[in-house]
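# Structure at a glance
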Amino acid sequence: MGKITNQEVLDKIAAAFGDVVSVTGEPHNLLTVETSREQIIGLLTFLKNDPTLQFIFLTDITAIHYPEQEKSIGIIYHLHSLVNNVRIRIKVFVADGDVHMPTATVLWDGANWMERETYDFFGVVFDGHPDLRRILNVDDMTVFPMRKEYPLEDPNRVDKKDYFFGR
Amino acid sequence: MQNHPVFFDNDPQSELSTLNLGPTHPATHGVFQNVLQMDGERIVSGVSTIGYIHRAFEKIAEHRPFYQITPLTDRLNYCSSPINNMGWHMTVEKLAGITTPKRVDYMRVIIMELARIADHIICNGVLGVDTGAFTGFLYMMEYREEIYEIYEEICGSRLTTNIGRIGGFERNFNTIAFNKIRKFVKAFPAVLKEFENLFNRNRIFIDRTKGVAPVTAETALSYSWSGPLLRAAGVDYDVRAMEPYSSYEEFDFEIPVGENGDVYSRFLVRNEEMKQSLRIIEQALNKIEKEPADIFHANVPEFYLPPKEEVYNNMEALIYHFKIVMGEVETPVTEVYHAVEGANGELGFYLVNDGGRSPYRLHFRRPSFINYQMYAPMSQGMLLSDAIINMSSLNVIAGELDA
């Protein structure tokens, strides 16, 4: 893999942030950490500007919805250190009634549309975003369709229910 | 949030005019709109509107078993759909911990590089058309047809290929397919040479493209550009080299980089990439001969559909067939990010699996979507005719833009 190991990345983060950044695992060798809304911009700035880590490439921003969790909306950042060839995944979970996040457009111009897409589909409001509008869906849509409560098909349809398949 | 930003100058005394470029305009090569505010021929500002062919693939994918998601990926970048198909298969293989035989890897490499060539043929050919040179486009188009015939021989379809399966291919490459690939690899270098002769040192073409829309490496990285566009700006990031998948580490190829990220550099980088793709295909053809000729998929009965005649006559095959079709296969509860080097850049699949019959969440990192967002800001101050060729050199594919 890369020139630095996940453990070295982790040590660096731990030295700078202590326990406000927690590790959730390394699925398929991709270091995954979780932090809070208050810390995220600080963490992203640190990862981007640290002279050894240099996570200068913002691969992706997206979100996920776990309706049964108290903090149901997760915002997921993928960063890539091109120099070290190491990736990192950062997750921030926020509660449904208060889906606000600070914007990452202050660090990367490319975060603009990624955040617009995340807003469009999950309703995550990125505070400070220069132009937070819907991007793929129609402007007058009122819901955030990628949330789990919005079904793909007619919910009254019963022929595709899981209990027909023993689940 | 607020509605469309009102940047139209409604002042009747104003010298500025509003121009709708798209949604269906021959110069946009796809269904997307740019509302431009023009001062004569110069663009003062612009707003991009996308989403005209948004098909909610990420939502649909949450309701489909893994093998049924492949046709959705076809329709992302439909100029090089095999790369998307392979990327998706490899994502599921990474999730399930499947290792594919070497021969499958080489077969995939051949198909993916052919797809890359087909995509670059379109992009560079159309760039020629937009600068007023139709010859190169028509000349190269014949060879895209040959690539499509190779797809057709292998999987039966041409544009939206649905090629390959999780674990390998649905059937082995036959002799006709190999002959067609060899014929293409033999014939195409001369065509590419002729194409380059038409353009590379053509005064008119250079005047139209050189110095148009230059992008520095810093800006390109800040906008998360990837693929030929980022490489034209001088950053040698290629997923095939950085995180080799499908045995790319065994191949000998170079990553072309440009100097100043203008339209001309992008054109040259794409041309050079086609040559490197040919090199890779030649190596793969040599390597494939050393592998046992009857292997075309991994031995993963819980993911790879058995042949139909076995389903009717063999108990185990019937069970596996049923399990795959009904989505009863056990998959690890984890998350995967897998990236492949698509024709336009890093095509990523972020898959969160909860062990159910379909992904809990699937997100496509679509290079066109991320590359295109710089278009409106970079068009400011540009001539309209330059903005048009800038758009064709970005190679925005509407399917990949909107997902």
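Keep in mind that this is a model prediction, so the values were computed, not measured.

## Observations concerning the overall build of chain B
Scanning chain B from terminus to terminus reveals 17 helices and six strands. For chain B, whose C-alpha radius of gyration is 22 Å, the value lies close to the compact-globule estimate of 22 Å for 403 residues. Here chain B holds 403 residues, and the buried ones make up 50% of them.

## A few points about the packing of helix H6 (residues 175-199) of chain B against helix H11 (residues 263-289) of chain B
Residues and elements named next belong to chain B. Interhelical geometry of H6 versus H11 gives an angle of 160° and a closest axis separation of 11 Å. Viewed along their axes, H6 and H11 adopt a mutual orientation that is roughly antiparallel. Judged by the twist between their axes, the crossing of H6 over H11 is left-handed. Packed against H6, whose contacting residues are Ile 181, Arg 182, Val 185, Phe 188, Pro 189, Leu 192 and Glu 196, the element H11 presents Asn 271, Met 274, Lys 275, Leu 278, Ile 281, Glu 282 and Leu 285 at the interface. Classifying every residue of the contact of H6 with H11 by side-chain character gives nine nonpolar, one polar and four charged.

## A word on the packing of helix H4 (residues 102-130) of chain B against H11 of chain B
Between two packed helices, the angle of one axis relative to the other and the distance separating the axes together describe the packing. Residue and element names in this part refer to chain B. Contact geometry for H4 and H11: axes closest at 9 Å, N-to-C directions at 155°. Classified by the angle between their axes, H4 and H11 sit roughly antiparallel to one another. Considering the relative orientation of H4 and H11, their crossing is left-handed. Tallied by class, the residues present in the contact of H4 with H11 amount to 14 nonpolar, four polar and six charged.

## A closer look at the interface of chain A and chain B
Facing the 30 residues of chain A at the interface are 34 residues of chain B. Where the side of chain A that touches chain B is concerned, the elements lending two or more residues are strand S3 (57-65) and helix H3 (111-122) of chain A. If one sorts the elements of the side of chain A that touches chain B by residue count, S3 of chain A sits on top with six residues.

## Observations concerning the sheet that holds strand S6 (residues 361-365) of chain B
All names here are of chain B. Taken together, the three strands give an open sheet; going across it, the order is S4-S5-S6, and neighbouring strands pair in antiparallel fashion. Looking at which strands have only one partner, the edges of the open sheet turn out to be strand S4 (335-341) and S6. Geometrically, the sheet is characterised by an average inter-axis angle of 10° between neighbouring strands, direction not taken into account.

## Considering the nonpolar core
It is characteristic of soluble globular proteins that their nonpolar side chains tend to be buried jointly. Ranked by internal contacts, the top residues of the largest apolar core, which has 152 residues, are Ile 88 and Val 124 of chain A together with Ile 110, Leu 114 and Ala 220 of chain B. Of the residues forming this core, the biggest block, 16 residues, is contributed by H4 of chain B. Setting aside chain neighbours within four positions, we find Ile 88 of chain A in contact with Val 9, Leu 31, Val 33, Leu 47, Phe 55 and Leu 79 of chain A.

## Overview of the pairing of strand S1 (residues 22-25) of chain A
Residues and elements named next belong to chain A. Two strands pair when backbone bridges link them, and S1 and strand S2 (residues 31-35) are joined in this way by three bridges, in the antiparallel orientation. For Gly 25, the partnering residue across the bridge sits in S2 and is Thr 32. Linking S1 back to S2 in an antiparallel pair, the connection comprises five residues, with His 28 at a positive phi of about 50°.

## Points about the environment of Val 9 of chain A
All names here are of chain A. On the secondary structure map, Val 9 appears in helix H1 (residues 6-17). The sequence separation of Val 9 and Asp 98 amounts to 89 residues, and the corresponding C-alpha distance is 31 Å. The contact partners of Val 9, leaving out residues within four places of it in the chain, are Ile 4, Leu 31, Leu 53, Val 86 and Ile 88.

## So, the sheet that holds strand S2 (residues 33-39) of chain B
What holds strands together in a sheet is hydrogen bonding between their backbones, with the strands either parallel or antiparallel. All names here are of chain B. Read from one edge of the open sheet, three strands run S1-S2-S3, paired in antiparallel fashion. Two strands lie at the open edges of the sheet, namely strand S1 (17-21) and strand S3 (42-49), each paired on one side alone. Here the average twist between neighbouring strands, direction ignored, is 25°. Here five bridges tie S1 to S2, and the two strands are oriented antiparallel to one another. Looking at the pairing, Leu 19 lines up with Leu 36 of S2.

## Let's talk about H3 of chain A
Its twelve residues give H3 of chain A an end-to-end C-alpha distance of 16 Å, which sits within 8% of 16 Å, the value for a rise of 1.5 Å per residue. For H3 of chain A, the tally of buried residues reaches twelve of twelve residues, placing the bulk of the element in the interior. Taken together, the buried positions of H3 of chain A are occupied by Ala 111, Asn 112, Trp 113, Met 114, Glu 115, Arg 116, Glu 117, Thr 118, Tyr 119, Asp 120, Phe 121 and Phe 122 of chain A. Contact partners of the buried residues in H3 of chain A: S3, strand S4 (73-81) and strand S7 (125-127) of chain A together with helix H14 (367-372) of chain B. Just downstream of H3 of chain A, Gly 123 of chain A is the residue with a positive phi angle, here 75°.

## Quick word on unusual backbone geometry
One non-glycine residue, Asn 29 of chain A, lies in the positive phi region at around 65°. The residue Asn 29 of chain A is located in the loop between S1 and S2 in this model. C-beta crowding within 10 Å serves as the criterion here: with 11 such atoms nearby, Asn 29 of chain A is assigned to the exposed category. With a phi angle near 50°, Ser 246 of chain B is a residue other than glycine that sits in the positive phi range.

## Thoughts on the UniProt feature "domain: NADH-quinone oxidoreductase subunit D" (unreviewed entry) in chain B
The UniProt record marks residues 130-402 of chain B with the feature "domain: NADH-quinone oxidoreductase subunit D" (unreviewed entry), using the residue numbering of this structure. Segment residues 130-402 of chain B splits into 52% helix and 7% strand. End C-alpha atoms: 24 Å apart.

## Regarding the UniProt feature "domain: NADH:ubiquinone oxidoreductase 30kDa subunit" (unreviewed entry) in chain A
What UniProt calls "domain: NADH:ubiquinone oxidoreductase 30kDa subunit" (unreviewed entry) maps, in this numbering, to residues 34-154 of chain A. What you have in residues 34-154 of chain A is 18% helix and 29% strand, and the ends, taken at the C-alpha atoms, are 36 Å apart.

## Describing the pairing of S4 of chain A
All names here are of chain A. The element S4 is largely enclosed, with a buried count of nine among its nine residues. Neither face of S4 is left uncovered, since the one carrying Ile 73, Ile 75, Tyr 77, Leu 79 and Ser 81 and the one carrying Gly 74, Ile 76, His 78 and His 80 both have all their residues buried. Summarising the sheet, S3 and S4 pair through eight bridges and their orientation is antiparallel. The partner of Leu 58 across the bridge, within S4, is Leu 79.

## Quick look at the environment of Glu 62 of chain B
Relative to the helices and strands, Glu 62 of chain B resides in the loop between helix H1 (57-61) and helix H2 (70-74). When residues no more than four places from it in sequence are discounted, the contact partners of Glu 62 of chain B are Ser 358, Pro 359, Arg 361 and Leu 362 of chain B.

Cut-offs used in this document
- Positions within a chain are numbered from 1, following the residues in the order the chain's sequence is written.
- For this description, chains carry letters from A and ligands carry numbers from 1, given in the order in which they are written.
- Note on the predicted model: pLDDT of at least 70 is required for a residue's local features to be given, and 80 or more for side-chain atom pairs to be given and counted; whole-chain, interface and lining totals, by contrast, use all residues.
- Strands here mean DSSP runs of E at least two residues long; helices mean DSSP runs of H or I at least four residues long; both are numbered from the N terminus.
- This radius of gyration counts C-alpha atoms alone. The globule rule is 2.2 Å times how many residues there are, raised to the power 0.38.
- Exposure classification rests on a simple neighbour count of other C-beta atoms within 10 Å of a residue's own: a residue reaching 20 or more is buried, one at 12 or fewer is exposed, and one in between is partly exposed. C-beta atoms are placed from the backbone.
- The angle between two axes is taken between their N-to-C directions and runs from 0 to 180 degrees, where each axis is a line fitted to C-alpha atoms and a helix contributes only its stretch in contact.
- Angle categories: roughly parallel below 35 degrees, roughly antiparallel above 145, roughly perpendicular from 65 to 115, and oblique for all the rest.
- Working rule for handedness: look at the near helix, and if it is turned counterclockwise from the far one by less than a right angle, call the crossing left-handed; if clockwise, right-handed.
- It is the C-beta atoms, placed from the backbone, that decide contacts: two residues are in contact if theirs lie within 7 Å.
- Throughout this entry, Asp, Glu, Lys and Arg are counted as charged residues, while Ala, Val, Leu, Ile, Met, Phe, Trp, Tyr, Cys and Pro are counted as nonpolar. The remaining residues, Gly among them, count as polar.
- Pairing between strands is defined by DSSP: at least two bridges between them are needed.
- Working definition: the nonpolar core is a set of buried Ala, Val, Leu, Ile, Met, Phe, Trp, Tyr and Cys residues, joined through C-beta atoms within 7 Å.
- Under the convention used throughout, the expected extent of a helix is 1.5 Å for every residue step, that is, one less than its residue count.
- UniProt positions are given in the numbering used here, feature names are shortened, and annotations may be inferred rather than shown by experiment.

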